[in-house]
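Notes for the structure review
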Amino acid sequence: MTQSRYFTIGEYPEGLPERSLFQLETCELPELEEGEVRIRNHWLSVDPYMRGRMSGVKTYVEPFELNKPMEGGALGEIIESRHQQLKKGDRVVHMGGWRDVAQLDGDQVQPLPDIDVPPQAFLGVLGMPGMTAWSGLELVAELKSSDTVLISAASGAVGSLAAQLAHQKGCKVIGSAGSQEKREWLEAHGITAIDHHQSADEIKKALKKAAPQGVDVYYENVGGPMLEAALDVMNDFGRIAVCGMISRYNESTPSAGPANIAAVLIKRLRMQGFIVHEWVQGHEQAFYEQVGPLVANGSIEYRETVEEGLERTPDAFFALFEGSNQGKMLVKLD
Ligand SMILES: NC(=O)c1ccc[n+]([C@@H]2O[C@H](COP(=O)([O-])OP(=O)(O)OC[C@H]3O[C@@H](n4cnc5c(N)ncnc54)[C@H](OP(=O)(O)O)[C@@H]3O)[C@@H](O)[C@H]2O)c1
């Protein structure tokens, strides 16, 4: 018999969850059914969207089921298979995260693409966050080399790739980040960095200084005062790709929207939300062909913040809201 240790939540929290919300449970896994695989996870991904799944309401994805294993991106090695195309030893990415051993329908797992990078890159820069950065810029914002681009949470998993891709395309890029160390990293990559821990008015001043010619594309990851400041500096017919609004995910009561939302009308802006899976469908190959070699040859730099051990998964999740992650936040298992 193989055991699986997994996290559950027993209620849907309001505001920032307490650490005690997350319970580590153990179960015996049943025998494999035809078509199933058993996977020993080596890496788990924690991502901001998971907070939405803890709210008990369906957004673009179902909420986590109470007292059932939580889910999330993970990378592991098949230890047993009853699937025709998958064999013991294959390394795969899948959604059976927040646990050490996953048992899934083999059709729900993906073998790793053949790109020479450390495997955990397929949870970050060459995984879902990477595809989000690339599709948001290329497909949603339709980025041009002449654009001035603003990216919030620019040193995170999504933002750090978006910022580098835009810079390599020839764009002028401004990125916001919450710590001096993160801003220095951005500046070292040719990106003008601003601090988002300021009032909307102060952010506006910093943006006007950084982009006196205005902003054509805003890659939105955080919402709140950053969005209000961005609306102020957008050029006519600018595009806003709304990827995320992390500043709002732990709010127990919704805050008012940007006071200057009329800028969308006055400046004839296109503001479009997007979910990576819908946009990247049919474009995965283009993503791997364009971004894969840049990551493999080091032209794109990516960073990881790693917590060790399954028990630390909730702590890794909290780091996303404290801003203590640099680049992709991961959990490493044995
Ligand atoms: N639409 C999609 O399909 C899709 C897919 C993936 C991700 N996303 C979204 O993309 C965004 C980035 O995700 P990620 O995985 O790359 O996370 P991440 O940027 O690696 O980590 C989150 C970062 O957000 C910043 N942050 C946290 N709370 C904040 C606040 N109240 N105000 C401003 N900044 C705050 C922190 O950086 P600082 O130190 O700079 O504060 C933190 O490090 C999130 O909004 C996420 O929901 C969307």
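This structure is a prediction, so every number in the text was calculated from the model and none was measured. (Residues numbered from 1 in each chain as written. Predicted model: local features only at pLDDT ≥ 70, side-chain atom pairs only at ≥ 80, totals over all residues. Heavy atoms only, no water.)

**Some words on the domain arrangement of the protein chain**
As assigned here, the protein chain comprises domain 1 (3-118 + 302-332) and domain 2 (128-278). Look at where the C-alpha atoms of domain 1 and domain 2 centre, and you get two points 29 Å apart. Between domain 1 and domain 2, the residue contacts involve 17 residues of the former and 13 residues of the latter. At the junction of domain 1 and domain 2, the tally comes to one salt bridge. (Domains from an automatic or database assignment. Contact = heavy atoms within 4.5 Å. Salt bridge = Lys/Arg side-chain N within 4 Å of Asp/Glu carboxyl O.)

**What about the sheet that holds strand 9 (residues 172-177)?**
Overall, parallel pairing links the six strands, which are arranged 10-9-8-11-12-13 in an open sheet. Each having just a single partner strand, strand 10 (192-195) and strand 13 (270-273) make up the two edges of the open sheet. Across the sheet, the axes of successive neighbouring strands diverge by a mean angle of 15°, strand direction being ignored. Sheet contacts for helix 6 (residues 225-233): strand 8 (148-151), strand 9, strand 10, strand 11 (215-220), strand 12 (234-242) and strand 13; angle to strand 12, the most-contacted strand, approximately 150°. (Pairing = 2+ DSSP bridges. Helix = DSSP H or I, 4+ residues; strand = E, 2+ residues; numbered from the N terminus. Axes fitted to C-alpha atoms, helices over the stretch in contact; angles between N-to-C directions.)

**Some thoughts on unusual backbone geometry**
Not every positive phi belongs to a glycine, and Asn 67 is a case in point at roughly 60°. Here Asn 67 lies in the loop between helix 1 (49-53) and strand 4 (74-81). Overall, the relative accessible area of 53% leaves Asn 67 in the exposed class. (Buried < 20%, exposed > 50% of the residue type's maximum accessible area, 1.4 Å probe, protein only.)

**Here's the deal with the packing of helix 2 (residues 128-140) against helix 3 (residues 157-169)**
In contact at an axis separation of 8 Å, helix 2 and helix 3 are set at 45° when each is read in the N-to-C sense. In terms of orientation, helix 2 lies oblique with respect to helix 3. Here the hand of the crossing between helix 2 and helix 3 comes out right-handed. Across the interface between the two elements, Pro 129, Gly 130, Thr 132, Ala 133, Trp 134, Leu 137 and Glu 138 of helix 2 pack against Ala 157, Val 158, Leu 161, Ala 162, Leu 165, Ala 166 and Lys 169 of helix 3. (Parallel < 35°, antiparallel > 145°, perpendicular 65-115°, else oblique. Left-handed = near helix turned anticlockwise from the far one by under 90°.)

**A short note on the nonpolar core**
Counting residues in each nonpolar core, the largest one holds 47 residues, and the members touching the most others are Phe 122, Leu 126, Ile 151 and Val 291. Elements that contribute at least two residues to this core include exactly helix 2, strand 8, helix 3, strand 9, helix 4 (180-188), strand 11, helix 8 (276-280) and helix 9 (284-296). Counting residues domain by domain, this core receives three or more from each of domain 1 (3-118 + 302-332) and domain 2 (128-278). Leaving out residues up to four positions away in the same chain, Leu 126 has contacts with Ile 115, Val 117, Ala 121, Met 131, Phe 287, Tyr 288, Val 291, Gly 292 and Val 295. Among the nonpolar cores identified, the runner-up in size contains 22 residues, and Phe 7, Val 46, Phe 64 and Ala 316 belong to it. (Core = buried A, V, L, I, M, F, W, Y, C linked by side-chain atoms within 4.5 Å.)

**Some remarks on helix 10 (residues 313-322)**
Most of helix 10 is tucked away, with eight of its ten residues classed as buried. Residues of helix 10 that are buried: Thr 313, Pro 314, Asp 315, Ala 316, Phe 317, Phe 318, Ala 319 and Leu 320. Here the buried face of helix 10 lies against strand 1 (3-9), strand 2 (22-28), strand 3 (36-45), helix 1, strand 14 (304-308) and strand 15 (328-332).

**Let's talk about the environment of Gln 326**
As for its position among the elements, Gln 326 is in the loop between helix 10 and strand 15. Along the sequence, Gln 326 and Cys 171 sit 155 residues apart, while their C-alpha atoms lie 23 Å from each other. When near neighbours in sequence (up to four residues on either side) are disregarded, Gln 326 contacts Ser 155, Glu 181, Lys 182, Arg 303, Glu 304 and Thr 305. Of note is the side chain of Gln 326, whose polar atom sits 2.6 Å from the side chain of Glu 181. (Polar contact = N/O pair within 3.5 Å; in protein donor to acceptor, adjacent residues only side chain to side chain.)

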